[in-house]
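Close look at the chain arrangement
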Amino acid sequence: MNAIFSPGKLMLTSEYFAIDGALVLAVPTKLGQEFFFEETDDKKSLIIWEAYHQNTLWLKAVIDYKTWQILETNIPSSAEFITKTLQNVQQLSNSKFKTDLTYHLKTNLQFPADYGLGSSSTLMNNLSEWAEIDPFHLNSISLGGSGYDIAVAKEKAAVLFQSKPEIKYEKVNFNPSFKNELIFIHLNQKQDSREGINFYMSKKKSPELVSEFSDLTKKILLCNELENFSELMMIHEHKIANFLEISTVKEKLFSDCPSFVKSLGAWGGDFVMSAKFGDYKNYFWEKGFPSVFEWENIIDL
């Protein structure tokens, strides 16, 4: 079988404000999603879909793409989402699902599904690369969202991304001299991004506030000292907390942490970023968060 790979992502700046066009800095992760594909000329017009989570079979579906009927599956709701997404692929592609071939399609998510590193965005990008279609368009009609995660998966690099007035992004060299001092802690829960986005969307925001996050992103990208970086991260965190009128993750969980703690992505779950201090591994372990990663273990730059 032939294979395609897309990396996962971590969103370092602008969180919810990405939707309103704030500049985002995002980086690729070492782990991502693999996509394997094979076509058989058997005149059956079938899609045999297998989705693995860390090499263990999670979802299987057999789909007739002439009628878009799910002929067999072990998880109907997930099979329906895949079927709708593949219908969108058919609509956008000049070649896929147009004849009577059987497609054997297999995915393997390399990271735990609750890590929030981009199980959906890596899938959208892999399918788009395979079908030679625009991943932003496929993502837009299948899922929604700002698209920053698609940019990271597509470029396999750190990106500066902006969703408005139209999607634009560029690869950037984000290689801070203090990167080996940074750590990433998983909070043991998957945050519902849509729920967080809906809460954010319900609040009025000014163009000036969106611009403030873009300015912070530019400063963070150019930062050369950990002390300055830490300060900018804390400013960023408090701006969002004040806007959303909720406590920061540091206030909630790590009030006695001697370093900054910055949420990455939708607040309340997934990953946070901090910097090394004393016995930092033991500190987070005792708080109930044993999954602590250094830059070189998680970031692919």
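Residues numbered from 1 in each chain as written. Predicted model: local features only at pLDDT ≥ 70, side-chain atom pairs only at ≥ 80, totals over all residues. Heavy atoms only, no water.

1. As for the domain arrangement of the protein chain
- Taken domain by domain, the protein chain holds domain 1 (2-171) and domain 2 (179-297).
- Measuring from the centre of the C-alpha atoms in domain 1 to the corresponding centre in domain 2 gives 27 Å.
- Contact with domain 1, which involves 24 residues of that partner, is made by 37 residues of domain 2.
- Summed over both partners, the interface of domain 1 with domain 2 buries about 2600 Å², with 70% contributed by carbon and sulfur atoms. (Domains from an automatic or database assignment. Contact = heavy atoms within 4.5 Å. Buried area = accessible area lost by both parts, 1.4 Å probe.)

2. So, helix α3 (residues 135-142)
- Residues of α3 that are buried include every one of Pro135, Phe136, Leu138, Asn139 and Ser142, and no others. All buried residues of α3 lie within an arc of 165° about the axis, which places them on one face of the element.
- Buried residues in α3 make contact with α1 (76-92), α2 (119-131), α4 (148-155), β7 (159-162) and β8 (168-171).
- One side-chain oxygen of the residue at the start of α3 lies 2.9 Å from the amide nitrogen of phenylalanine 136, identifying that residue as aspartate 134.
- A positive phi of about 90° marks glycine 144, the residue just after α3. (Buried < 20%, exposed > 50% of the residue type's maximum accessible area, 1.4 Å probe, protein only. Helix = DSSP H or I, 4+ residues; strand = E, 2+ residues; numbered from the N terminus. Arc of directions from axis to C-beta. Polar contact = N/O pair within 3.5 Å; in protein donor to acceptor, adjacent residues only side chain to side chain.)

3. Quick word on the sheet that holds strand β11 (residues 271-275)
- Reading across the sheet, the four strands line up as β10-β11-β9-β12 and stay open at both edges, with antiparallel pairing between neighbours. Pairing within the sheet leaves two strands with one partner each, and these edge strands are β10 (261-263) and β12 (292-294). Looking at each pair of strands side by side, their axes are set apart by 30° on average, direction ignored.
- The sheet contacts of helix α7 (residues 226-244) involve β9 (182-186), β10 and β11, and relative to β10 the element is tilted by about 50°. (Pairing = 2+ DSSP bridges. Axes fitted to C-alpha atoms, helices over the stretch in contact; angles between N-to-C directions.)

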